[in-house]
Amino acid sequence: MARDSKDQQLIELKDTIKELNTTIRNLNALIDAANKREEEHLQKEQVLQEQIDYLTKKLFGKSSEKRNDDFEGQLNLFNEAEAEKTAPDPEEEDFVTVEKHTRKRKSTMADKFADFPVQKVYLDVPEDQRICANCGTTLERIGEEFVRKEIEIVKPSIKVIAYYSVSYGCPKCKTDAEVPYIVRGRDGHVHMLHGMASAGTVAWVMYQKYHNSLPLYRQERDFKTLFGVDICRGTIAKWIIDNALDFFAPMCDYFRRKLVEGRYAMADELCKALHNSSAMAYLPATSFLWK
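Residues numbered from 1 in each chain as written. Predicted model: local features only at pLDDT ≥ 70, side-chain atom pairs only at ≥ 80, totals over all residues. Heavy atoms only, no water.

(A) Fine view of the pattern of salt bridges. By the definition in use, this model includes seven salt bridges. The closest approach of N and O atoms between lysine 120 and glutamate 144, which form a salt bridge, is 3.6 Å. Taken together, the residues span a long stretch of sequence, with lysine 120 in strand β3 (residues 118-123) and glutamate 144 in strand β4 (residues 140-154) at a distance of 24 residues. Here lysine 120 falls in the partly exposed class, since its relative accessible area comes to 41%. One connected set of salt bridges, linked through shared partners, spans Lys120, Arg141 and Glu144. (Salt bridge = Lys/Arg side-chain N within 4 Å of Asp/Glu carboxyl O. Helix = DSSP H or I, 4+ residues; strand = E, 2+ residues; numbered from the N terminus. Buried < 20%, exposed > 50% of the residue type's maximum accessible area, 1.4 Å probe, protein only.)

(B) Quick look at the state of the cysteines. Scanning the model with the defined rule gives zero disulfides in all. Free of any disulfide, cysteine 132 has its nearest cysteine sulfur in cysteine 173, 3.5 Å distant. Note on cysteine 132: relative accessible area 4%, which makes it buried. (Disulfide = S-S within 2.5 Å.)

(C) Examining the packing of aromatic side chains more closely. If you walk through the whole model with that rule in mind, you get six aromatic pairs. Ring centres of phenylalanine 113 and phenylalanine 116 lie 5.3 Å apart, and the angle between their planes is 45°; on these two criteria the pair is classed as tilted. Here phenylalanine 113 and phenylalanine 116 have matching classes, each one buried. Where phenylalanine 146 meets tyrosine 164, the ring centres are 5.5 Å apart and the plane angle is 70°; that geometry is what we call edge-to-face. Residue phenylalanine 146 is located in strand β4, and its partner tyrosine 164 is located in strand β5 (residues 157-169); the two are separated by 18 residues in the primary sequence. Phenylalanine 146 sits in the partly exposed class, given a relative accessible area of 42%. On the basis of relative accessibility, which here comes to 18%, the residue tyrosine 164 falls in the buried class. One aromatic cluster in this structure is built from Tyr122, Phe146 and Tyr164. Geometry around tyrosine 122 places arginine 141 over its ring, the cationic atom sitting 5.2 Å from the centre. Lying over the aromatic face of tyrosine 163, arginine 148 brings its terminal NZ or CZ to 4.0 Å of the ring centre. (Phe/Tyr/Trp six-rings, centres within 6.5 Å; stacked < 30°, edge-to-face > 60°. Lys NZ or Arg CZ within 6 Å of the ring centre and 35° of its normal.)

Shown next, in the form of structure tokens:
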């Protein structure tokens, strides 16, 4: 009898333990549900508070009809050049005829730098190429040909670099051959820059704008006060935009090719950024599957 009593007590204890474990699991589930509801309430409260702050700012803050998509605390680095590029470019202006009168011709970039010292850089023919390919006679210098001009900034002054191509002709073929043999000095690389600004000048204005945070209107003032030449901010903006597009477009095209090699674009932020860029403007929308 005593053994049966102990077995009965053991069975009752096991049942009690099972009930307690079930109760503990139920309590944990209730705690998790309560925590989840609290988190949802906090998120809703945050959204409502943001809406209240936005509406309060719209109702009592400064009003303006001009749309501003900038965010508070975020610097806008790329809108100034695009805005200034729409201004007339002195390099492209000549006469503007209006009814009943003609305006005075605006000065060109060449006129503005007419009084600056000019350094000639000769694109000479290498010495081993100064031999006539027809008869082997040594070529003699017969003249030079103007190629281009660049504006080179050498602080604190500006100098104009004029490039001339040196020509060599064969004195023997000039009289004996039907067509004279002439060679000219050439650039070692294709000139990709826009306007008269050299690579150093474009790099300097970009450095001032994006590294030193110097706006274009202040650079325009510096050109006038430091160097004594009037270059409008629209011209500087054109230098920045056109050269940036030429030099960075191949990199954007490379990223585009890598992006469309796969079937899926998994990062929404990356895809939207590339889709909105000029390099992705021609990409079909069907190339993306938004997750």
